[in-house]
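Listed below are the residues making up each chain.
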Amino acid sequence: MAEYKDILVCGELADGKLAPITAELLGCGRKLADDLKEGLFCLLASDAVGAASKEAIAFGADKVYVVEHAALKEYQADCYIQVAESLVKELSPRVVLMGQTSMGRDLAPRLAFRLGTSLTTDCLDLSIDRETKLLTQTRPVYGGNAQAIFVSELMPLMVTVRSKAMSPLERDDSRKGEVIPTKVDIDTSKVRTKILETVKEEAVGIKLEDAPVIVCGGRGLGGPEPFQTTLKELADLLHGAVGASRPPADNGWVSEALHIGLTGKIVAPDIYIAIAISGASQHTAGCTGSKHIIAINKDPEANIFREAEFGVVGKYEEVVPALTGKLKKLIAG
Amino acid sequence: MIVCCKQVPDPEAPPAVFKVANNKMTLPPDVKPVIGQYEEFALEAALRIKDTVGGKITALSVGNNFIRDVIKKALAVGGDELILLEDEAFDGGDSWSTANAMAMAIKKIGEYDLIFCGRQSSDWDAGQVGLGVAEILGIPAVTLARRVEVTDGKARVEQVIPDGYHVVEVTLPALIVVTSGLGALRYATLKGIMAAAKKQPVIWKPADIGLEPSQVGAAARRSKLDKLFQPVKEAKCEIVEGDTAAEAGANLAVRLREAKLL
C-alpha cells in the first residue's frame, strides 16, 4: 500500500487568476503541512493556467501541478474527475482539500466515492491530531443549529472547506516553489453531459461577494417591490449591494444570484444590514463572517438579534426610510 | 423515475428547539418530521415530467421508524410506489452507507430513466448521497438543477451557477440533483390522500438488497462522528430605541455614525 503524505489543494481559477477560495485553502493547507512537516501541493487545471501557478506559490504552495487541456476550459465533471483522480493516485496525498464551491460540491463527492474514501463537506475548521496524524474536521449540521466533529481513517482524507472560513497567507512573490507541467490523457468519450448554453443573471452594479456593504431583505418584505425601492436606496447611499434570504429567491421576488445563505452565496462584508429577516440558521450561515451585523425586524424575539451588533425593533416600512434619510443628512453634513 | 427522499426533523422549527444531548440531536415531540425540503423539490421535478410525458414515479427512502403519514406524502402528491429500506440496521448511516444502500435498491428495481435526489439533506447537510449513488451505478449526474425537461431520450437541465445558469444536456439514464428555485412541491389533493391511504409501502430489509446488516447504517460508516455540539453565542445586540419606529430608524443612523461604522 502506498504511503500517504503531503497536502493537495485542488485549486480553481476565476477570470484567469487564482480564485480567492484557493488562496484560502492554501493558507489553511500551509498550516496543516507545517504541523505535519510535509509538503503543500496545488493542482490547477484549465485550458490555460498562465500566471496563476506563480500566484499559488506566492500564497504558500511548494509545488504546483499544472494540467492544461482544451477540454478543461470550463468545469466539466467527467473531464475534471479524470485529472483529479489521476493526480491523487500518482501523489497519494494524506489530505485533499477543495472549496465548498460549485466545482467542489460537484467534484469532491464523485472523487471520494470513486477513490473509495470518505469526504467531509463544508468544513469550518480543520486541524491535525499530532498523535494519529489524522484530520479533525468541524462542520455545521442541522442547518447551522449545531456543529459536528468528524474523523476518518481512510486515505486520502478528503474535505471541502467553506469559502471565507479560512484566511489566506499574505501574498509573498519571493516565495520559492516549483511549477510542474503535468500531462493527463483525458478520454473525452467518457463525457456524458454537454453544456448547451451559459446564461448570466448577475444583477448590474457591485457584485455581492465584493460589496463592502450589503442590505439584505427577507420574507417579511412581502414582495419584489421593496428590494427595488426601500432597500436599493439604502444600498445605493452606502455604495453597497442588495441581497436576499432564501424565501424571496424561491418566490421569484429577486434573482437566485442574490440569495445569501447556506445554499446560496457566502458573504463577509464590513456591514451587513438584515431587514425583515428572521435569522434562521440556514440564512446566517451565509453572513456570520460579516464584520458588523445590523438587524431591523418587527419581532423582538427574532433570531437575527442574537447575531446582530445593533438592532431596531419596528416595521421596516417606517424604520428604513428614516434610517436612509438621516444617514443622507449626516453623510452630507 | 425514482425519487430519493429522507425523513428529517422539520428544519423550519425555531433554532431554540434544537438541543444536543449525549452527542445526539434531540427535539421536542411537537416538532414533527417532514420529507426534506430539497427532496420535496426533487419530487416536484419528477411530477412535472410525469405531467408532460407520463411515466411512473417510485419514491425510495432509507432509515428506520418511518412515520407512515409523513413519508406517504410522496404517494399523496402523485407518486406511484413507495419503497422503504426500513430496518434497525439502516439507522445511523453516513453518506457512504446511505448511498450504497440506495444504489443496491435501485439495482434491484432494475429499469429507470431518471433518478432525482435533493442537493442536501435538511439535517446533516452533507450533499453527497446523490452523486455517490451515480458513481456506484456508473451513470452521469447533473447537480444543482432547477428545471428538468425530457425529450428524445435526453434530459435538458437548467443548472444553477454562481452568476446565472447553464443549460446542460445529459443522456439517460441519469441522476439529477435538485436545488431550490424549481417551485414548491404541489399540495396533495383529497383524492391523492385517499389513494395514498390505501397503498402500502414496500419494505426491504438489508438481505432484500443483497447486503449484510454489517454493510449498512452505522456499521458501514466511513466517517466517524467524534462530537456533536452547539457553540455558545453571546447575545450582545444593542437595541436602538425611539418614540416611533421612524425615530428609532433615525437614531440608528446617529448611533452607527457615532460608532464610526458608516
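Computed from a predicted structure; not experimentally measured.

Conventions we followed
Residues numbered from 1 in each chain as written. Chains lettered and ligands numbered in written order. Predicted model: local features only at pLDDT ≥ 70, side-chain atom pairs only at ≥ 80, totals over all residues. Helix = DSSP H or I, 4+ residues; strand = E, 2+ residues; numbered from the N terminus. Rg over C-alpha atoms; globule rule 2.2 N^0.38 Å. Buried ≥ 20, exposed ≤ 12 C-beta atoms within 10 Å, placed from the backbone. Domains from an automatic or database assignment. Contact = placed C-beta atoms within 7 Å. Nonpolar A, V, L, I, M, F, W, Y, C, P; charged D, E, K, R; others polar. Pairing = 2+ DSSP bridges. Core = buried A, V, L, I, M, F, W, Y, C linked by C-beta atoms within 7 Å. Axes fitted to C-alpha atoms, helices over the stretch in contact; angles between N-to-C directions. pLDDT = per-residue confidence, 0-100. Expected span 1.5 Å × (residues − 1). Parallel < 35°, antiparallel > 145°, perpendicular 65-115°, else oblique. Left-handed = near helix turned anticlockwise from the far one by under 90°.

**Looking at the overall build of chain A**
When you go through chain A residue by residue, the secondary structure sums to ten helices and 18 strands. Taking 2.2 N^0.38 as the reference for a compact globule, 333 residues should give roughly 20 Å; the C-alpha atoms of chain A span a radius of gyration of 22 Å, in line with that estimate. Taking the principal axes of its C-alpha atoms as reference, chain A extends roughly 65 × 45 × 40 Å. Looking at chain A as a whole, 56% of its 333 residues are labelled buried.

**Some details on the domain arrangement of chain B**
Domain boundaries assigned for chain B yield domain 1 (2-220) and domain 2 (232-262). Taking only C-alpha atoms, the centre of domain 1 of chain B and the centre of domain 2 of chain B are 44 Å apart.

**Considering the interface of chain A and chain B**
Much of the literature gives interface size as the accessible area that the parts lose upon coming together. Of the residues lining the interface, 66 residues belong to chain A; the matching set on chain B comes to 66 residues. Residue assignment for the side of chain A that touches chain B shows that the elements contributing at least two residues are helix 4 (102-115), strand 7 (119-123), strand 10 (146-151), strand 13 (193-200), helix 7 (246-250), helix 9 (304-307), strand 18 (310-313) and helix 10 (316-332) of chain A. Across the side of chain A that touches chain B, the residue classes break down as 31 nonpolar, 16 polar and 19 charged. Bridge analysis of strand 18 of chain A against strand 15 (residues 238-239) of chain B gives two bridges, and the strand direction is parallel. Residue G311 of chain A lies in a different strand from strand 15 of chain B, and its bridge partner there is I239 of chain B.

**Details of the nonpolar core**
Core analysis: the largest hydrophobic core is formed by 136 residues, its most contacted members being V3, M102, F116, I176 and V178 of chain B. With 55 residues, the next largest nonpolar core counts I214, V215, A235 and I296 of chain A among its residues.

**Quick look at the sheet that holds strand 7 (residues 81-86) of chain B**
Read from one edge to the other, the open sheet built from ten strands follows the order 13(A)-11(B)-10(B)-9(B)-12(B)-8(B)-1(B)-6(B)-7(B)-13(B), with strand pairing classed as mixed. Bordering the open sheet on either side are strand 13 of chain A together with strand 13 (202-204) of chain B, each of which pairs with just one other strand. Averaged over all adjacent pairs, the angle separating strand axes in this sheet is 30 degrees, with direction ignored. As paired elements, strand 10 (residues 154-161) of chain B and strand 11 (residues 164-171) of chain B share eight bridges and run antiparallel to each other. The partner of V157 of chain B across the bridge, within strand 11 of chain B, is V168 of chain B. Across the face of the sheet, helix 4 (residues 95-109) of chain B comes into contact with strand 1 (2-5), strand 6 (58-63), strand 7, strand 8 (114-118) and strand 13 of chain B while running at roughly 145 degrees to strand 6 of chain B.

**Focus on the confidence of the model for chain B**
Residue-level pLDDT values for chain B average 94, and 100% of them are 70 or greater. In the predicted assembly, ipTM is 0.92 and pTM is 0.90.

**Considerations on the sheet that holds strand 10 of chain A**
Strand order in the open sheet made by the four strands is 8(A)-9(A)-10(A)-14(B), with antiparallel pairing throughout. Each of the sheet's edge strands pairs with one partner strand only, and the pair in question is strand 8 (125-128) of chain A together with strand 14 (224-229) of chain B. Looking at each pair of strands side by side, their axes are set apart by 25 degrees on average, direction ignored. Relative to strand 14 of chain B, strand 10 of chain A runs antiparallel, the two being bridged by five bridges. For F150 of chain A, the partnering residue across the bridge sits in strand 14 of chain B and is L225 of chain B.

**Considerations on helix 1 (residues 37-53) of chain B**
Residues and elements named next belong to chain B. For helix 1, which comprises 17 residues, the first-to-last C-alpha distance of 25 Å matches the rise-based estimate of 24 Å (1.5 Å per residue) to within 8%. Every buried residue of helix 1 is accounted for by Q37, Y38, E39, E40, F41, A42, L43, A45, A46, L47 and I49. Where helix 1 is buried, its residues touch strand 1, strand 5 (33-35), helix 3 (73-76), strand 8, strand 9 (141-151) and strand 12 (174-178). Of the residues trailing helix 1, G54 is marked for its positive phi of about 80 degrees.

**Some words on the domain arrangement of chain A**
Residues and elements named next belong to chain A. Domain annotation for chain A reports domain 1 (7-190) and domain 2 (208-332). Averaged C-alpha coordinates put domain 1 and domain 2 at centres separated by 33 Å. With seven residues of domain 1 in contact, the opposing surface of domain 2 contributes eight residues. Of the residues belonging to the side of domain 1 that touches domain 2, the class tally is one nonpolar, four polar and two charged.

**Observations regarding the environment of L13 of chain A**
Residues and elements named next belong to chain A. Turning to its location among the elements, L13 is positioned in strand 2 (residues 13-14). On a C-alpha basis, the gap between L13 and S53 in space is 9.9 Å, while along the polypeptide they are 40 residues apart. Contacts of L13, omitting those with residues within four sequence positions, involve L18, A19, L44, S46 and A52.

**Overview of the packing of helix 4 of chain A against helix 5 (residues 129-137) of chain B**
Helix packing for two helices is described by the angle between their axes and how far apart those axes are. Close contact between helix 4 of chain A and helix 5 of chain B brings their axes to 8 Å; oriented N to C, the two are set at 45 degrees. Between helix 4 of chain A and helix 5 of chain B, the angle falls in the class oblique. Crossing of helix 4 of chain A over helix 5 of chain B shows right-handed handedness. When helix 4 of chain A is examined against helix 5 of chain B, the residues P109, R110, F113 and R114 of chain A are found in contact with a partner set consisting of L131, G132, E135 and I136 of chain B. Partitioned by chemical class, the residues of the contact of helix 4 of chain A with helix 5 of chain B number four nonpolar, one polar and three charged.

**Regarding the environment of T121 of chain A**
Inspection of the secondary structure assignment puts T121 of chain A in strand 7. The spacing of T121 of chain A and A308 of chain A is 187 residues in sequence and 27 Å in space, taken between C-alpha atoms. The contact partners of T121 of chain A, leaving out residues within four places of it in the chain, are Q100, A108, R139 and T160 of chain A together with A126, G127 and Q128 of chain B.

**What to know about the environment of L44 of chain A**
Residues and elements named next belong to chain A. Here L44 is to be found in strand 4 (residues 40-46). Residue L44 is classed as buried on the basis of its 27 C-beta neighbours within 10 Å. Spatially, the C-alpha atoms of L44 and L18 are 8.9 Å apart, while their sequence positions differ by 26 residues.

**Side note on the packing of helix 10 of chain A against helix 7 (residues 245-258) of chain B**
Two elements in contact, helix 10 of chain A and helix 7 of chain B, have axes whose closest approach is 7 Å; the angle formed by their N-to-C orientations is 40 degrees. Between helix 10 of chain A and helix 7 of chain B, the angle falls in the class oblique. Taken as a pair, helix 10 of chain A and helix 7 of chain B cross one another with a handedness that is right-handed. Side by side, helix 10 of chain A and helix 7 of chain B meet where E318, V319, V320, A322, L323, K326, L327 and L330 of chain A of the first sit next to A245, A246, A248, G249, A250, L252, A253, V254 and R257 of chain B of the second. Here the residues of the contact of helix 10 of chain A with helix 7 of chain B are counted per class, giving 13 nonpolar, one polar and three charged.

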